[in-house]
Amino acid sequence: MTVLTPPLLAAMRGQPTPHTPVWIMRQAGRYLPEYRAIRAKTDFLTLTRTPELAAEVTLQPIRRFALDGAILFSDIMTPVEGMGVGVDFAPGPVIAQPIRTAADLARLHTLDPQRDVPYVLESIRIVRRELPAHVGLIGFAGAPFTLFCYLVSGKPSKEFGTARAFLQREPELSAQILDRLAESMTLYLRAQIDAGAQAVMLFDSWGGLLGRDDYARVALPPVRRILSALKDTGVPLIYFCNNSWTLLDFIADLPADVVGLDWRGTLSTARKHLRPDQAVQGNLDPAVLFAAPDVLAARVNALLDDAGPGRHVFNLGHGIWPETDPDAVARLVDLVHAHRPAR
Ligand code: CP3
């Protein structure tokens with residue numbers, strides 16, 4: 001029996017697909033009543049540490065919508081906890097004792113995935129058993145600079161001034177922190193792939209806060225190190241850097257198979273800067289899910305026409321908002337699947 005490659009993975013590899021595959025960043029979350037029902041009884045940390053519950057929440061959006069991809073339910077800060085630094089969610093990550101000295105860094109040990117986050121790997125195994133064969137499972141980690149922002153500042157922030165000032169004041173200690181994170185996230189993603197993740201994504205939510213020089217010197221090398229180390233796995237490697245439109249020449253030079261883009265630019269523009277063998281992932285503004293159905297349809301079709309056929313995974317340009325109507329998501333998925341290339 002031939003087992004067909006899920007469209008999600010085929011598009012990432014530049015192979016033909018019957019339709020443009022679609023998944024949604026933060027597709028398991030508070031906009032779904034079934035997620036809120038589970039969260040009413042269980043706090044977020046317990047949810048991420050209980051494989052049966054994490055798997056159930058991962059599968060919720062797959063049951064409701066015709067999505068082509070599932071993403072493991074966890075958080076970018078989950079492995080940081082495993083590395084020995086306590087994290088609370090309120091609802092964003094809060095670290096009671098931020099990492100700001102060499103002694104702090106000593107508390108952040110290199111991750112041993114089997115020992116430190118076995119529940120993540122078990123969640124992946126459960127999801128793979130339950131997931132329909134045509135849906136691909138994406139594992140993920142935070143990019144080192146984005147994790148550094150939370151670890152140093154200790155709380156969410158718009159500009160991460162504390163972390164960016166620390167980077168300038170303490171370049172050597174910063175490099176050591178980023179090094180430990182790069183090594184640990186490499187081990188983490190490899191363990192996820194061994195457990196059954198079929199593609200992996202690095203979330204660099206805050207890399208775009210940096211100017212070109214600091215990005216190239218500080219944020220990019222650990223990303224390159226992680227992606228290069230995972231090349232031999234053969235699974236598609238996705239890199240998403242929010243606000244990266246002025247950094248695309250650097251990203252074109254990374255061993256990333258897929259590049260996630262936010263909504264601020266067009267995918268045809270991104271393609272001009274990226275390598276022809278790199279697929280694009282994105283990039284509808286999450287706000288457009290609040291438009292009237294005919295406007296949503298026009299925007300989705302225009303985005304797909306602009307992206308052109310092949311090597312495109314449809315997604316939002318950032319995480320879906322908790323206020324979103326799930327029916328708009330159902331319409332979005334149907335629109336993407338129904339679209340045929342303009343001739
Ligand atoms: O469905 C999915 O996308 C999978 C699960 C997932 C979560 N967080 C669950 C979560 C993923 C991939 C993430 C990644 C993540 N976490 C990022 C990168 C993507 C991005 O948004 O830029 C970042 C920066 C974080 C850090 C984080 N965790 C924040 C800022 C917050 C609070 C704000 C928010 O968006 O909810 C969290 C908590 C969090 N992570 C929740 C969920 C479902 C909310 C917890 C709750 O139920 O209250």
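What counts, and where the lines are drawn
- Every chain is numbered on its own, with residues counted from 1 as its sequence reads.
- Reporting of local features is limited, given that this is a predicted model, to residues whose pLDDT is at least 70; pairs of side-chain atoms are given and counted only at 80 or more, and all residues count toward the totals for whole chains, interfaces and linings.
- The basis for the side-chain values is all heavy atoms of the structure; hydrogens and waters are excluded.
- Disulfides are defined in this document as cysteine sulfur pairs within 2.5 Å.
- Each residue gets one of three labels from its accessible area relative to the maximum for its type: buried under 20%, exposed over 50%, partly exposed in between, using a 1.4 Å probe on protein chains only.
- Every helix listed is a DSSP run of H or I at least four residues long, and every strand listed is a run of E at least two residues long, numbered separately from the N terminus.
- Site definitions follow a grid-based scheme: protein atoms alone, a 1 Å grid, a 1.4 Å probe that fits but cannot get out for cavities, and for pockets an open set with protein on both sides within 12 Å along at least five of seven lines, plus lining residues having an atom within 4 Å of a point.
- Grid points are joined across faces, edges and corners, and a volume is the space filled by probe spheres set on the points.
- Only Asp, Glu, Lys and Arg are considered charged in this grouping, and only Ala, Val, Leu, Ile, Met, Phe, Trp, Tyr, Cys and Pro are considered nonpolar; every other residue, Gly among them, is considered polar.
- Throughout, near means a residue has at least one heavy atom within 4 Å of the molecule or strand.
- In protein, a polar contact requires one atom able to donate a hydrogen and another able to accept it; more generally it is a pair of N or O atoms within 3.5 Å, and residues adjacent in sequence count only if both atoms are side-chain atoms.
- Computed with a 1.4 Å probe, the accessible areas rest on the Shrake-Rupley method; for each residue, only the protein chains presented here act as cover.
- Whether a molecule sits in a cavity or pocket is decided by its atoms, more than half of which must lie within 2 Å of the grid points.
- In what follows, a contact means two residues having at least one pair of non-hydrogen atoms within 4.5 Å.
- In this scheme Phe, Tyr and Trp rings, the latter by its six-membered ring, pair at centre separations within 6.5 Å, and the angle between planes marks the pair as stacked below 30 degrees, edge-to-face above 60, and tilted otherwise.
- We count a charge as sitting over a ring when the NZ of a lysine or the CZ of an arginine lies within 6 Å of the ring centre and within 35 degrees of the ring normal.

### Here we look at the state of the cysteines
Link 1 in the chain: Counted according to the given criterion, the structure contains zero disulfides.
Link 2 in the chain: Of the cysteine sulfurs around Cys-149, a residue in no disulfide, the closest is that of Cys-241, at 11 Å.
Link 3 in the chain: The exposure class assigned to Cys-149 is buried, which follows from its relative accessible area of 0%.

### What about the environment of Lys-272?
Link 1 in the chain: One can find Lys-272 in helix α14 (residues 267–273).
Link 2 in the chain: When the C-alpha positions of Lys-272 and Ala-165 are compared, they lie 34 Å apart, and in sequence the two are 107 residues distant.

### Quick word on the layout of surface pockets
Link 1 in the chain: Taken as a whole, the largest pocket encloses approximately 1400 Å³ of empty space.
Link 2 in the chain: Taken together, 44 residues form the lining of the largest pocket, with Arg-26, Arg-30, Asp-75, Gly-92 and Tyr-150 sitting closest to its centre.
Link 3 in the chain: Sorting the residues of the lining of the largest pocket by element identifies α2 (33–41), α3 (44–49) and β2 (88–89) as the ones contributing at least two each.
Link 4 in the chain: Looking at the lining of the largest pocket, its residues break down into 25 nonpolar, 11 polar and eight charged.
Link 5 in the chain: Roughly 290 Å³ of volume is contained in the second largest pocket.

### Comments concerning the site of the ligand
Link 1 in the chain: Not every one of the 23 residues close to the ligand is listed here, only the nearest: Arg-26, Arg-30, Tyr-35, Ser-205 and His-318.
Link 2 in the chain: Note that an oxygen atom of the ligand is positioned 3.2 Å from one of the backbone N or O atoms of Gln-27.
Link 3 in the chain: Asp-75 is positioned with one of its side-chain polar atoms (N or O) 2.7 Å from a nitrogen atom of the ligand.
Link 4 in the chain: Alone, the ligand offers 860 Å² of accessible surface; in the complex the protein occludes 89% of this.
Link 5 in the chain: Because more than half of its atoms lie within 2 Å of the grid, the ligand is assigned to the largest pocket.
Link 6 in the chain: By residue class, the composition of the shell around the ligand is 14 nonpolar, five polar and four charged.

### Digging into the side chain of Gln-27
Link 1 in the chain: Mapping Gln-27 onto the fold places it in the loop between α1 (7–12) and α2.
Link 2 in the chain: Those residues within four positions of Gln-27 in sequence are excluded, and the remaining contacts are Leu-32, Pro-61, Ile-62, Leu-67, Gly-69, Ala-70 and Ile-71.

### Concerning the packing of aromatic side chains
Link 1 in the chain: Taken as a whole and assessed by the stated rule, the structure comprises 11 aromatic pairs.
Link 2 in the chain: Consider the rings of Phe-160 and Trp-206, whose centres lie 5.1 Å apart with planes at 50 degrees: the pair is tilted. Of this pair, Phe-160 sits in the loop between α9 (144–153) and α10 (161–169) while Trp-206 sits in the loop between β5 (199–204) and α12 (212–230), and the two are 46 residues apart along the sequence. Residue Phe-160 shares its accessibility class with Trp-206, and that shared class is buried.
Link 3 in the chain: Aromatic rings pair up to connect Tyr-35, Phe-44, Phe-73 and Phe-89 into one cluster.
Link 4 in the chain: The positively charged end of Arg-264 is found above the aromatic ring belonging to Trp-263, 4.3 Å away from the centroid.

Taken by themselves, the reported measurements are silent on function.
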